[in-house]
2 protein chains.
Amino acid sequence: MARIVMKFGGTSVADLDRIRNVADRVKREVEAGNEVAVVVSAMAGVTNQLVKWCQELSPLHDAREYDAVVATGEQVTTGLLAIALQTIGIDARSWQGWQVPITTDGAHGKARVEAIDGSLLIERMAQGQVPVVAGFQGVEPARNRITTLGRGGSDLSAVAIAAAVQADRCDIYTDVDGIYTTDPRIVPRARKLEKISYEEMLELASVGAKVLQTRSVELAMKQRVRVQVLSSFEDKPGSLVVDEDEIVEQPVVSGIAYSRDDAKVTLRRVPDRPGIAAAVFGALAAANVNVDMIVQNIGADGSTDMTFTVGKADLARARVTLERAQADLGHEAIIADPDVAKISVVGIGMRSHAGIANTMFKALAEKNINIQVISTSEIKVSVLVGVEYTELAVRALHTAYGLDGPG
Amino acid sequence: MARIVMKFGGTSVADLDRIRNVADRVKREVEAGNEVAVVVSAMAGVTNQLVKWCQELSPLHDAREYDAVVATGEQVTTGLLAIALQTIGIDARSWQGWQVPITTDGAHGKARVEAIDGSLLIERMAQGQVPVVAGFQGVEPARNRITTLGRGGSDLSAVAIAAAVQADRCDIYTDVDGIYTTDPRIVPRARKLEKISYEEMLELASVGAKVLQTRSVELAMKQRVRVQVLSSFEDKPGSLVVDEDEIVEQPVVSGIAYSRDDAKVTLRRVPDRPGIAAAVFGALAAANVNVDMIVQNIGADGSTDMTFTVGKADLARARVTLERAQADLGHEAIIADPDVAKISVVGIGMRSHAGIANTMFKALAEKNINIQVISTSEIKVSVLVGVEYTELAVRALHTAYGLDGPG
């Protein structure tokens, strides 16, 4: 017997048939002798409609009212799934964030979970009842108002609830059947990973694999919650995200990720003086622009070129900020290029293996792909290339690191 | 300065434009110097969709889960209207039933309001904030679960909140502009009533005028809440429902109501013995069939015919119940006729005026309309006629009692 939290996303509960399908899956886990709690998202499309209404009434709407509106999506799903479970003989009841309670801070629209009282849920599970908990929601205790955790927050709810009820596992059901060595749409021979460490998952999530929300992986790592990613439409084991100690055979490289969400910015001929980097990135931080990869060429004749990447959505803001600061920074020109892709090689084994980056550079050179920017971390090497090389680069690297499965 | 509760039904908040229109109306009341609280229904159509989902999952769904699902409709409207009000410079916030709190008993799906703590709402109104309260909802305190008050329950919420905050008036905005002497679709010369007593409104509501939910009128009468019915689309005064002492010039007859929701049932040749009525209506009550008008002809040769009306929706159940009890009751046959209409003449003045019923019988006779059943109460005379005579009868009576307005 195990205690399991099962989380189902919007596409898994998109209509009544799918909700019935979810109920069947929950029933199987219960009949296998497990204690089960379920966390659900809003039915696909519902949250978007609710957000749109708030936006149309006012782009600058009150985040507290936004939360009251959008939290209803999850509430509907909890009630419908509880009914579907009862209909097939499984004792179940719905729980809203304020009923559990899941208390958060008051940062409406992107609240942080502060505490979850798991006692009522544990008590009900011990009695054989399945709690169906609304994902994405919490309550801010001082004012007794509904909060939401930000988009993708249901993954976070599931992991936090798994920690609160000391679950043996948190199963995230989604529309893919696990975590792959890379995007199978680009590399048909991509392999599903049986296990992956929190650290690697975090790098993969943040560079675009989009299977699990980043904050939920961070929380799972911090609380040591074993997370499984699996398909709600197929009946096969998924991928386990666990502590690296649990992974006996660690490959050097676990996966290749890519992202087309960044833009490259180059400041031409910035004066090469101490404090210039602080001045550039201080101005961008003040404008709330996140900067990712940074390179600074060696200067000649007292000036240097400085290149970095920002999110595409922030590009216009970054440009305006730098233009305004030109007198101060003294750069000659701003060159922006949104047509870039970031390709990353991720693996815990890098810590103890040399030459990983070199394999990457060689593989890309062989395909005549120019590397524009390089950045590395302990378990990741990322390069920036022209966006048109995305698929070619990912395929070349997948082969170069021996990740290709049987064709 | 007055304290006003404004209630807007589903058609008044059916889309964002109408929600903005509601916000404008609320703003006008605020700018006139009033303290205002608003009660809203779900956007038109939303509740039906939510109910349908519950029904499709299981006709015998858990009423507690049904409540969790359908209560979301009102929650969405509260948040959207609060945003719309803030956008035009009116301080506002949404309140769900559990936040006020509006505590009810545990009869999920048709809960009764037990208490409303108006203190937070009064405090906010005093600070110039407009509380936007979800109609139809409450919370059952023992288990901390969401309850709903049954269809049309938002009127009840509005009246109960008006009582809790000691409002000077409860304005019910709807898609008609007041209470008429009869249905204007049948009698174009029907007149809008400036004032009507609770008692008359109760009779008119229960016989089919459908402007105000019956329970809300009962509560208004009990708590002496002045209720105004008015249009959310036009800018003119509506009809006031008040204590009869407030109505200076009381007409003998205030209105003509009709209902096509009843069916007539006749038991032929029931044994004419003591206790037979108790046996018939006891069996129907046990089967949860509500009986309205009852007549029993004088018996001959030891048997009698017994005629009564039941709701059309209950007719099949009534028939089965009576068939099963035939050995016991001893009737010869059951004759059911769904093609009937109940026409009612309502007026407080009847208490002190004779001949009211006779005017009705004469007017119907002149049109050759046969009266099948008659029943009377202190302020109402109702007759059952063939359904094809509905419009003719209503028009004849409207004229006979001098209710016709200028053509």
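Sequence order as written defines the numbering, with residues in each chain counted from 1. All chains are assigned letters beginning at A, and all ligands numbers beginning at 1, according to the order in which they are written. With the structure being a predicted model, the display of local features is reserved for residues of pLDDT at least 70 and the display and counting of side-chain atom pairs for 80 or more, all residues being used for whole-chain, interface and lining totals. Note that the side-chain values use all heavy atoms of the structure and ignore hydrogens as well as water.

Looking at an unreviewed UniProt entry, one finds chain A named Aspartokinase, with Plastoroseomonas hellenica as its source organism. Recorded under Catalytic activity (unreviewed entry), the UniProt text for chain A is reproduced unchanged: "L-aspartate + ATP = 4-phospho-L-aspartate + ADP". Listed under Sequence similarities (unreviewed entry) in UniProt, the entry text for chain A is "Belongs to the aspartokinase family." UniProt positions are given in the numbering used here, feature names are shortened, and annotations may be inferred rather than shown by experiment.

Per the domain assignment, the segments of chain A are domain 1 (3-175) and domain 2 (245-407). Of note, the centres of domain 1 of chain A and domain 2 of chain A, computed from C-alpha atoms alone, are 37 Å apart. Residue ranges assigned to each domain were obtained from an automatic or database domain assignment.

Residue and element names in this part refer to chain A. Structurally, Thr148 is set in strand β8 (residues 145-148). Buried means the residue's accessible area, taken with a 1.4 Å probe over protein chains only, is under 20% of the maximum for its type, while exposed means over 50%, and partly exposed covers the values in between. Residue classification places Thr148 among the buried residues on the basis of a relative accessible area of 0%. Each residue touching Thr148, except ones within four places of it in the same chain, is listed here: Tyr66, Asp67, Val70, Ala71, Ala107, Gly109, Lys110, Ala111 and Phe136. Under the DSSP-based scheme used, a helix requires at least four consecutive residues in state H or I and a strand at least two consecutive residues in state E, with every element numbered from the N terminus. The criterion used for residue contact is that any of the two residues' heavy atoms lie within 4.5 Å.

We now examine the environment of Thr399 of chain B. Relative to the elements of secondary structure, Thr399 of chain B occurs in helix α13 (residues 390-400). Considered as a pair, Thr399 of chain B and Ala63 of chain B are 336 residues apart in the sequence and their alpha carbons are 47 Å apart.

This part is about the interface of chain A and chain B. Each side of the interface is counted separately: chain A has 36 residues, and chain B has 36 residues. Put simply, buried area is how much 1.4 Å-probe accessible surface two parts lose in total, over both of them, once they are put together. Between chain A and chain B, the buried area comes to about 3200 Å², and carbon and sulfur atoms account for 65% of it. Three residues stand out in chain A for area buried against chain B, namely Leu57, Ile83 and Trp98 of chain A, and they jointly supply 22% of the buried area on that side. Take a side-chain nitrogen of Lys or Arg and a carboxyl oxygen of Asp or Glu: if they are within 4 Å of each other, that pair is a salt bridge. For the pair chain A and chain B, the number of links is zero salt bridges. Pairs of N or O atoms within 3.5 Å make up the polar contacts considered here, provided that, within protein, one atom can donate a hydrogen while the other can accept it, and that residues adjacent in sequence are counted only when both atoms are side-chain atoms. Linking chain A with chain B are twelve residue pairs in polar contact (both at pLDDT 80 or more), by the criterion used here. Elements represented by at least two residues in the side of chain A that touches chain B include exactly α1 (16-31), α2 (46-57), α3 (63-70), α4 (72-87), β3 (92-95) and β8 of chain A. The element that contributes the greatest number of residues to the side of chain A that touches chain B is α4 of chain A, accounting for eleven residues. Residue polarity follows a fixed list, in which Ala, Val, Leu, Ile, Met, Phe, Trp, Tyr, Cys and Pro are nonpolar, Asp, Glu, Lys and Arg are charged, and the others, Gly among them, are polar. Taken together, the residues of the side of chain A that touches chain B sort by class into 18 nonpolar, eleven polar and seven charged.

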